[in-house]
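Coordinate analysis (summary)
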Amino acid sequence: MEPLLRVEDLRVELPTRRGLRPAVDGLSFDVAEGEIVGIAGESGSGKTMTAMTLLGLLPHGARTSGSARFDGRELLTLGRRQLRDLRGRQIAMVSQDPSTALHPILPVGTQVTEHMRHHLGLSKSAARAEAVELLATVRIPDPERALGAYPGQFSGGMRQRIAIAVALAARPRLLLADEPTTALDVTVQAGILRLLDRLRRERGLAVLVITHDLGVMSAVADRVAVMYAGRLAESGPRAQVLATPRHPYTRGLLDALPHPEAADDPARVALRPIPGSPPSLGDVPAGCPFHPRCAFAVPACATDRPEPVPVAAGHLLACPPDPLPRDGAAPVPEGAPA
Amino acid sequence: MSSADSALPVPVGRPRTRASRRDLWRFLAKRLVAGAFLCVGITLVSFVLTQLVPGDPAAANLGNRAVEDPAAVAAFRAQYGLDKPLPVQYAVYLGKLVRGDLGESQQSHRTVKADLAEYIPATFELALFAIVLSLLVGVTLGVVAAVFRDRWPDQVLRVVSLAGVSMPTFWIALLAFFVFFYKLGWLPGGGRLGPALTPPPRTTGMFTVDAALAGQWGVLGSALEHLVLPGLVLATYTVGMLLRFTRASMLEILGNDYVRAARAKGLPERVVVVRHVLRPALISIITVAGLAFGSLLSGTVLVETIYSWPGLGQYAYTSAKNLDLPAIMGVSVVVAAVYIAINLLVDLLYGVIDPRIRLS
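Residues numbered from 1 in each chain as written. Chains lettered and ligands numbered in written order. Predicted model: local features only at pLDDT ≥ 70, side-chain atom pairs only at ≥ 80, totals over all residues. Heavy atoms only, no water.

Moving on, we come to the overall build of chain B. Scanning chain B for helices and strands turns up 16 helices and zero strands. Structurally, chain B occupies a C-alpha span of about 100 × 55 × 40 Å along its principal axes. Counting all 360 residues of chain B, 44% fall into the buried class. At a minimum sequence separation of 6, the contacts of chain B that also span at least 24 residues come to 71%. The averaged location of the 22 negative side-chain charges in chain B is 10 Å from the averaged location of its 32 positive side-chain charges. (Helix = DSSP H or I, 4+ residues; strand = E, 2+ residues; numbered from the N terminus. Buried < 20%, exposed > 50% of the residue type's maximum accessible area, 1.4 Å probe, protein only. Contact = heavy atoms within 4.5 Å. Lys, Arg positive; Asp, Glu negative; His and termini not counted. Charge placed at Lys NZ, Arg CZ, Asp CG, Glu CD.)

As structure tokens, then:
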């Protein structure tokens, strides 16, 4: 059976001053019911555009190709009306910053119930009752009263919970969580991630978590896909990809995570940044887009475009040299990057 | 797992309580006291200004007699207290003002209060018609322009708003008078009622409202017909102003994350535009609407004079022409009070629209 969401060879081109430029280039992944899949990558790697594509909310003039099938239906060719019926109802979104994603001057109750009533045809009182239940589910204290309050009256973590309640209100089957914890304190992050995990278990909700933070991935995702400059670098089961990364970029992201305990351990480095910065839209280098920043680049990397190939069960890798050791130990490159 | 969940901070919200209602009263009281002081300040400014104007009220009012008959001039001066030193004149004026006595008009020989009572409703009717029309048309077109940004409706409306704000009112007034009254004869060219009709029994002083209350439909029709031309002319500038401003603030709000979030919820575009975009945009729109009302009041001087509309604007014009000091002062006080009231209303509306203001 086909999974709930199957994205195949997705290509999204955005209009820039110099014409259309690919923001997402040949991306493929699946999300099954009750599964949490993470997409990781630095800003500008096309993560958010992937989510916008699935909702049909790309900026004017954007062009898509490839395929994104949700429950057997092709999303890329849906009409405006069909997309609107799908948004919120089937696929919902929680975005990065709850302080800007919630409407500042509409009461929480309105924001939770408006699309619920629109999509499900509930009466005002039925929607209210359901909203109270939903706010309780995401652990908002005194949900009755919260309905009449405004987003500004809640803390950041509470707001993100409300945003999740808003996203869940019309009982969607797939939740797109775009950097759901980036704006939050670490302690609050853990609560939000646990909430996502609980919702997936209790409701069979499929979640696509988009983040630059591999720490968030390792906490909840079943499978992860690492993107660089709009392309897939590596994807596979979470434990496999994060414990024994095969792509130098994944390795780099892992090394860029702070390890405070490393201060006492001379063998480890507290935090090793990836040199350089990701290419901007339209400036993607030929060959492997990561090769200018890669410590393991060989001459072929600058010319041949790497395609993702299976290297283990469910593990795809777009790095033909495949230079990393299989035991997950941090490698020490011999020379400085070219 | 739930231990960490419940350890999260509780909402810092505060429901609307009796305390916040008391805050509202305190705010109102403060603003009203400040408004009263402002009114007094304005009387001082207009008092001084009228004294600085070169010209002699006695000469202006008595005409040739002022030259021929020094006794009449002296009597005139004594009658209106003009023979006393300026500070005394001002003190006397203020003392009377507090008791609600605005003095006697040197022109109409009636009390200024009686004059104002007659003219204010006429102007209020005209200004109300114009501002309601401007808000309906200006805000609606502004929303259309923002939604169709850079497409043909927006291009057309850009020209419309530019024309609205850049054509001088006196010119539009004369043009409209010439076209719709003189050439086409579609609308009456002046006055508040057809010559054969008598005004409806006075309740509010606004002919349209009074006629409707009395059930005199013929009178109501005629009153509306007379209202259209000066009302439209008066609204031209404010429509252009509100259109531009509505478009600009709509576009600003449209770029927000919460609008994208509203679209991601699958709401119909109409709901997104009205509830999620127009509502927050209204905060800046009403600020401009308050200013627009002010510019509208000053526009009445011209429009009322051209369309012989017996209102405050025309009264202000004739009083100024004749240096009728009590009348000028009376108009100033009324206009100042209206300005203050409008600003207070705008401030209160902020709170109605934006809970962040209400709750802080």
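A few words on the confidence of the model for chain B. This prediction gives chain B a mean pLDDT of 85; 93% of its residues lie at or above 70. At the low end of the mean pLDDT range in chain B sits helix H1 (residues 2-6) of chain B, at 41; at the high end sits helix H7 (residues 112-147) of chain B, at 93. (pLDDT = per-residue confidence, 0-100.)

Another aspect to go through is the interface of chain B and chain A. Listed by partner, the interface residues are 34 residues for chain B and 37 residues for chain A. Taken together, the connections running from chain B to chain A amount to two salt bridges. With its nearest N and O atoms 2.5 Å apart, the salt bridge here joins Glu114 of chain A to Arg275 of chain B. Counting across the interface, chain B meets chain A through nine residue pairs in polar contact (both at pLDDT 80 or more). Elements with a minimum of two residues in the side of chain B that touches chain A: H1, helix H12 (257-264), helix H13 (269-306) and helix H16 (355-359) of chain B. A per-class count over the side of chain B that touches chain A returns 18 nonpolar, four polar and 12 charged. (Salt bridge = Lys/Arg side-chain N within 4 Å of Asp/Glu carboxyl O. Polar contact = N/O pair within 3.5 Å; in protein donor to acceptor, adjacent residues only side chain to side chain. Nonpolar A, V, L, I, M, F, W, Y, C, P; charged D, E, K, R; others polar.)

Turning next to the sheet that holds strand S8 (residues 206-211) of chain A. Residues and elements named next belong to chain A. Spatial ordering of the open sheet is given by S6-S7-S8-S3-S9-S10-S12-S11, a layout of eight strands whose pairing is mixed. With partners counted over all chains shown, the strands left at the sheet margins are strand S6 (91-94) and strand S11 (309-312), one partner each. Averaged over all pairs of adjacent strands, the angle between strand axes in this sheet comes to 25°, irrespective of strand direction. Bridging between strand S10 (residues 231-237) and strand S12 (residues 315-317) involves two bridges; their strand directions are antiparallel. Residue pairing across strands places Ser235 opposite Leu316, the latter belonging to S12. Each of strand S3 (36-40), S6, strand S7 (174-178), S8 and strand S9 (223-228) is contacted by helix H1 (residues 47-55), which is oriented at about 145° to S8, the strand it contacts most. Against the sheet, helix H7 (residues 156-168) makes contact with S6 and S7, and its axis sits at roughly 170° relative to S6, the strand it touches most. (Pairing = 2+ DSSP bridges. Axes fitted to C-alpha atoms, helices over the stretch in contact; angles between N-to-C directions.)

In this section: the pairing of S3 of chain A. Residue and element names in this part refer to chain A. Burial runs high along S3: five of the five residues are buried. What you see with S3 is no split at all: Ile36, Gly38 and Ala40 on one side and Val37 and Ile39 on the other are buried throughout. Bridge count between S3 and S8: five bridges; the pairing is parallel. Bridging from a neighbouring strand, Ile39 pairs with Ile210 of S8. Both S3 and S9 contribute to a ladder of four bridges, which runs parallel. The residue of S9 that forms the bridge with Gly38 is Val224.

Turning our eyes to something else, we now look at the packing of aromatic side chains. With the rule as written, the count across this model stands at 10 aromatic pairs over all chains. Where Tyr228 of chain A meets Phe290 of chain A, the ring centres are 5.0 Å apart and the plane angle is 80°; that geometry is what we call edge-to-face. Remark: Phe290 of chain A occurs in the loop between helix H11 (248-255) and S11 and Tyr228 of chain A occurs in strand S9; sequence separation between them is 62 residues. We classify Tyr228 of chain A as buried; its relative accessible area is 3%. When its relative accessible area of 3% is taken as the criterion, Phe290 of chain A is described as buried. Ring centres 5.6 Å apart and planes at 25° place the aromatic pair Phe178 of chain B and Tyr182 of chain B in the stacked group. With Phe178 of chain B and Tyr182 of chain B both in helix H9 (residues 169-183) and four residues apart, this pair spans about one turn of that helix. Tyr182 of chain B sits in the exposed class, given a relative accessible area of 58%. Among the aromatic residues, those joined into a cluster by ring pairs are Tyr228, Tyr249 and Phe290 of chain A. (Phe/Tyr/Trp six-rings, centres within 6.5 Å; stacked < 30°, edge-to-face > 60°.)

With that settled, consider the side chain of Gln189 of chain A. Residue and element names in this part refer to chain A. By secondary structure assignment, the location of Gln189 is in helix H8 (residues 186-203). Judged by its relative accessible area of 14%, Gln189 is buried. A polar side-chain atom of Gln189 sits 3.3 Å from the main-chain carbonyl oxygen of Thr181. If sequence neighbours within four positions are ignored, Gln189 has contacts with Thr181, Leu184, Asp213 and Val216.

The next point concerns the packing of H13 of chain B against helix H14 (residues 312-321) of chain B. All names here are of chain B. One can describe the packing of H13 onto H14 by two numbers: an axis separation of 7 Å at closest approach and a directional angle of 90°. In this view, H13 runs roughly perpendicular relative to H14, as classed from their interaxial angle. Between H13 and H14, the contacting residues are Thr300, Val301, Glu304 and Thr305 on the first element and Leu312, Gly313, Gln314 and Tyr317 on the second. Of the residues contributing to the contact of H13 with H14, the split by class is three nonpolar, four polar and one charged. (Parallel < 35°, antiparallel > 145°, perpendicular 65-115°, else oblique.)

Before going further, it helps to spend a moment on a nonpolar patch on the surface. Together, Leu44, Val45, Val48, Leu49 and Leu52 of chain B make up a nonpolar patch on the protein surface, roughly 470 Å² of accessible area in all. Inspection of the secondary structure assignment puts Leu44 of chain B in helix H2 (residues 18-52). (Patch = residues over 30% accessible without salt bridge, like charges linked within 9 Å, V, L, I, M, F, W, Y side chains within 5 Å. Areas by Shrake-Rupley, 256 points an atom, 1.4 Å probe, with all protein chains shown as cover.)

All names here are of chain B. Across the interface, H14 lies against helix H15 (residues 325-353) with an axial gap of 9 Å and an inter-helix angle of 145°. For the pair H14 and H15, the sense of crossing is left-handed. Of the residues in H15, those touching H14 at Leu312, Tyr315, Ala316, Ser319 and Ala320 are Ala327, Ile328, Val331, Val334 and Val335. Across the contact of H14 with H15, the residue classes tally to nine nonpolar, one polar and no charged. (Left-handed = near helix turned anticlockwise from the far one by under 90°.)

It is worth spelling out the nonpolar core at this point. Grouped together as the largest cluster of nonpolar side chains are 59 residues, with contacts concentrated most on Val112, Leu135, Ile140, Phe154, Ile162, Ile164 and Leu175 of chain A. Counting residues per element, this core draws most heavily on H7 of chain A, at eight residues. In this structure, this core is formed jointly by two domains, domain 1 (100-171) and domain 2 (228-317) of chain A, each of which donates at least three residues. Apart from residues no more than four positions distant in its own chain, Leu175 of chain A is found in contact with Ala92, Met93, Val94, Ala167, Leu196, Leu205, Ala206, Val207 and Leu208 of chain A. By size, the runner-up hydrophobic cluster in this structure holds 50 residues, among which are Ala122, Ala235, Met250 and Val271 of chain B. (Core = buried A, V, L, I, M, F, W, Y, C linked by side-chain atoms within 4.5 Å. Domains from an automatic or database assignment.)

The subject of this paragraph is helix H5 (residues 124-137) of chain A. Residues and elements named next belong to chain A. In a regular helix each residue adds 1.5 Å, so 14 residues correspond to 20 Å; H5 covers 20 Å between its end C-alpha atoms and thus fits that length. Of the residues making up H5, those classed as buried are Ala127, Ala131, Val132, Leu134, Leu135 and Thr137. Directly after H5, the chain includes Arg139, whose backbone phi takes a positive value near 65°. (Expected span 1.5 Å × (residues − 1).)

A separate point is the environment of Arg73 of chain A. All names here are of chain A. Here Arg73 shows up in strand S5 (residues 73-74). Taking the C-alpha atoms as reference, Arg73 lies 24 Å from Val224; in sequence the two are 151 residues apart. Setting aside anything within four residues of it in sequence, one finds Arg73 in contact with Ala68, Leu78 and Leu86.

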